[in-house]
Structures are given as structure tokens and as C-alpha cells.
Amino acid sequence: MFDINGLLETTRTDLVDFQKPYAHKHAPTRDFIAAIESIKPTTVIGVSTIGGAFTQNVVESLSRINQRPVILALSNPTDHAECTAEQAYTWSKGKAIYAAGVQFAPVHLNGQTFLPGQANNFYIFPAIGMAIFATQASRVTDEMFIEAARAVADQVPSDLLNQGLIYPLQSNILETEIQTAARVTKLVFDSGLARVPRPPDMVSFIREHVYKPAYATQTVEKSKPATTVA
């Protein structure tokens, strides 16, 4: 981890309690690129809210180390993103696997179209919530979130993966949530945490719990005008 004062490492005396578990033995440095060259990460995750923190030199350094560098510029709004999709793909010469905290338009580069994803919590939290609600789970575990993440990833078809997309299309978000919730529901039952009978089919079970915004048509008869007697 890297903050405003540099790499989190064990010789630093300014770290607060929640930072200390992430401080590993390493030479002190305030140079982000030097840290990349030394540690050789496969992925950089930006949550700094500092727009442009992933400079061209950062992306090029990461690209020299990795055949497919993963760049997650998660700060929002748009002007706070550590780099744009176009910058990530251009500076990496199309090698980057990119997602942001906001939605960027497709990028066209050297005859190829790249589809940047949006790392949004609506892929996970509604599915987790539905699985917990449907199963009346007695406890929420880390494994539920891991299974949900895997379920989301499994729903990206190969043709979209080839275009760099690492999240399912948002246009089909309800079905994505149902399939993800079904996977988490199975885990809840397998873990013995459910407080309802196990259904024969997890997907059908979740569909039964989905709210459907359908309203019955109501017909109201017009009242007859009152008769006045003089």
C-alpha cells in the first residue's frame, strides 16, 4: 500500500493501527514508480481520489513488468479517476485490463475496441442481500462475498473478456444478480447457515423472492351527479 507519505513499510513511525498490518519489510520510498519496479505488482488499485495519480510513467512501468497489467482506477467522480480508460489502453499499448469507479465509453485503439468496466457495488451487495433474505441466513461470512465475486466473474462471456471487459454488462443486471444470488444461496445451504428448507432449484428459489413491480389495473366508476330538489 502507498499513501501520501510513501510506501507502507515497517520502518515508518507515522502509521495508524489500521495501516500497520499492511506495512511489510521494504526500503523506504516515496517514489511510486520505484515501488512498482521493486515490488513488481500485477495490479494497481487506485482509491486516492487524486485525479491523474496513475501517470503515463506508472502505466508504462506496470506494462513492462506484466503482459496484462490490471489497472483499477476506482476513485470518483470522473475527474478524480487515477487515469482514464483511454489513457490506460493507450499508454499500455492495449495490454491493460482496466476498470474504473465510473463508467467510461468504449475506447478504439489500433483497430480494436476495448470495453472498460465499472467496478460498482451493485454487482455484489444486492445479490448478497437477496441470498441472506431468501435463506434467512443465521450469519454472513467472508466466503459469501468471495462466492459472489466468482459468480459475477463467471458471467462475463469470452467475447467480452477478449475486449477487456471484466464485469457483466449492466444492461442485464437483474439476471446477473439472480444468478449471483443463487450461487451464494447454495453456499448458505451447504454451510448449514440457512433457516428455511433447502429448495430443489436455487435459481427458481431466488426468482420467487424477486420483487416484481406489477400493479393491478383499478377501474373506478364515475359517481352520478347529485340531484338538487328546489
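Structure: see above.
The rules we used
Each chain has its residues counted from 1, running along the sequence as written. Owing to the predicted nature of the model, reporting of local features is limited to residues with pLDDT of at least 70; listing and counting of side-chain atom pairs is limited to 80 or more, with chain, interface and lining totals taken over all residues. For side-chain calculations, the full set of non-hydrogen atoms in the structure is used, while hydrogens and water are omitted. Pairing between two strands requires that DSSP report at least two bridges joining them. The helix count covers DSSP runs of H or I at least four residues long, the strand count covers runs of E at least two residues long, and both are numbered beginning at the N terminus. Aromatic pairs are defined between Phe, Tyr and Trp rings, using the six-membered ring for Trp, whenever the two ring centres lie within 6.5 Å; interplanar angles under 30 degrees are classed as stacked, those over 60 as edge-to-face, and all others as tilted. In this analysis, the expected span of each helix is defined as 1.5 Å times one less than the number of residues it contains. Exposure classes here rest on a 1.4 Å probe applied to the protein chains alone. A residue is buried below 20% of its type maximum, exposed above 50%, and partly exposed in between. The directions from the helix axis to the C-beta atoms are what the arc is built from. Should a side-chain nitrogen of Lys or Arg be within 4 Å of a carboxyl oxygen of Asp or Glu, the pair is scored as a salt bridge. When the strands point away from the viewer, a crossover counts as right-handed if the path from the first strand over the helix to the second runs clockwise. Residues enter patches when their relative accessible area tops 30% and they take part in no salt bridge; the joining distance is 9 Å for like charges and 5 Å for the nonpolar side chains Val, Leu, Ile, Met, Phe, Trp and Tyr. Per-residue accessibility takes into account occlusion by the displayed protein chains alone, with areas from the Shrake-Rupley method and a 1.4 Å probe. Residues count as neighbours in contact if any of their non-hydrogen atoms are within 4.5 Å of one another. The criterion is simple. A nonpolar core is a set of buried Ala, Val, Leu, Ile, Met, Phe, Trp, Tyr and Cys residues joined through side-chain atoms within 4.5 Å.

Caption draft 1: Here's a closer look at the sheet that holds strand β4 (residues 70-73). Strands sit in the order β3-β4-β5-β8 across an open sheet of four strands; the sheet is parallel. If you trace the sheet from one side to the other, it starts and ends with β3 (43-46) and β8 (117-118), each paired once. Where β4 and strand β5 (residues 97-100) come together, four bridges link them in parallel fashion. Within the sheet, the bridge partner assigned to L72 lies in β5 and is A99.

Caption draft 2: View of the packing of aromatic side chains. In total, this model carries nine aromatic pairs according to the counting rule given. Through a chain of ring-to-ring contacts, three or more aromatic side chains come together here, namely Y89, Y98, F104 and F114.

Caption draft 3: Seen up close, helix α5 (residues 142-154). A rise of 1.5 Å per residue sets the reference length of α5, with its 13 residues, at 18 Å; its end C-alpha atoms lie 19 Å apart and thus fit the reference within 8%. Where α5 is concerned, the buried positions are M144, E147, A148, A151 and V152. Down the axis, α5 shows its buried residues gathered within 140° of arc, on one side only. Facing away from the buried surface of α5 by more than 90 degrees, the exposed residues are D142, R150 and D154.

Caption draft 4: Molecular detail of the pattern of salt bridges. Under the counting rule described, the total for this entry stands at nine salt bridges. Between R64 and E37 there is a salt bridge, with its nearest N and O atoms 2.7 Å apart. Taken together, the positions of R64 in helix α2 (residues 56-65) and E37 in helix α1 (residues 32-39) put the pair 27 residues apart, joining distant regions of the chain. Residue R64 is classed as exposed on the basis of its relative accessible area, which comes to 58%. Looking at E37, the relative accessible area reads 30%, which means it is partly exposed. Three or more residues are tied together by salt bridges with common partners; here these are D3, R12 and D14.

Caption draft 5: Quick look at the pairing of β3. Burial along β3 is one-sided: V44 and G46 are buried, and none of T43 and I45, which face the opposite way, are. Strand direction decides the pairing type here: β3 and β4, joined by four bridges, are parallel. Its bridge partner being in β4, V44 is matched across the sheet by I71. Note that the unit made of β3, α2 and β4 has a crossover that is right-handed.

Caption draft 6: Examining a nonpolar patch on the surface more closely. Together, F125, V140 and F145 line one region of the surface with nonpolar side chains, adding up to about 270 Å² of accessible area. Among the structural elements, F145 can be located in helix α5. On the basis of relative accessible area, F145 is assigned to the partly exposed category, the value being 33%.

Caption draft 7: Structural context of the environment of P41. Assignment of secondary structure puts P41 in the loop between α1 and β3. C-alpha of P41 to C-alpha of V70: the two residues are 29 residues apart in sequence and 9.2 Å apart in space. Leave out the neighbours within four places in its chain, and P41 touches I36, L62, I65 and N66.

Caption draft 8: Just the pairing of β5, in detail. Taking every second residue as pointing to the same face, both faces of β5 are buried, with I97 and A99 on one and Y98 and A100 on the other. For the segment spanning β4, helix α3 (residues 85-91) and β5, crossover handedness is right-handed.

Caption draft 9: Molecular detail of the nonpolar core. In terms of nonpolar packing, the biggest core is built from 22 residues, with I71, Y89, Y98 and F104 touching the most fellow members. Secondary-structure elements contributing two or more residues to this core are α2, β4, α3, β5 and β6 (107-109). With four residues, the single largest contributor to this core is α3. Leave out the neighbours within four places in its chain, and I71 touches V44, F54, V59, L62, C83, A88, A96, I97, Y98 and A99. Counting residues in each nonpolar core, the second largest holds 16 residues, with I124, I128, M144 and A148 among its members.

These figures come from the coordinates and say nothing about function on their own.
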